[in-house]
Amino acid sequence: MKAYEIKKLIKFYSASATLGEIFEDFGRPYECPQCEGTGFYQKKVVVPYPRGLPDSGWVPDSIEYKRSQCELCDGHGYSDKEYKPKMVQDGWQEN
Ligand SMILES: [Zn+2]
């Protein structure tokens, strides 16, 4: 954070506001489960092996992890919505 940004915050919230109060005012009480509050996460990117080479089709695509801004919380790390994991129903079993 830059000095002028802090100055702007002070002007907006008054110098005596605590960081906790400012955070509450932000209206994002829920920690984002995808980036765990950091605003960034390692996005899985599939890099396809180039076509037209002698070993194309034999060599598997490579998978890279790229540091990406979290799109679930817009990079805030916290959200105004509470996210829960999606449960996928997968067949039935006898209890
Ligand atoms: Zn997030």
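Right above here is the structure, for reference.
Heads up: these notes are all about the structure in this document. No experiment lies behind these values; they were computed from the predicted model shown.

1. Regarding the nonpolar core
Core analysis: the biggest nonpolar cluster contains five residues, these being C32, C35, Y41, C70 and C73. The contact partners of C35, leaving out residues within four places of it in the chain, are F40, Y41, C70, C73 and G77.

2. What to know about unusual backbone geometry
Residue S14 is not a glycine yet carries a positive backbone phi of 75 degrees. Considering the arrangement of structural elements, one finds S14 in the loop between α1 (3-13) and α2 (19-25). What makes S14 exposed here is the crowd of 9 C-beta atoms within 10 Å. Unlike most non-glycine residues, D74 shows phi in positive territory, near 65 degrees.

3. Observations regarding α1
The element α1 is barely covered by neighbouring structure, given that only zero of its eleven residues are classed as buried. Where α1 terminates, the next one or two residues include S14, which has phi positive at roughly 75 degrees.

Cut-offs used in this document
- Residues numbered from 1 in each chain as written.
- Predicted model: local features only at pLDDT ≥ 70, side-chain atom pairs only at ≥ 80, totals over all residues.
- Core = buried A, V, L, I, M, F, W, Y, C linked by C-beta atoms within 7 Å.
- Buried ≥ 20, exposed ≤ 12 C-beta atoms within 10 Å, placed from the backbone.
- Contact = placed C-beta atoms within 7 Å.
- Helix = DSSP H or I, 4+ residues; strand = E, 2+ residues; numbered from the N terminus.

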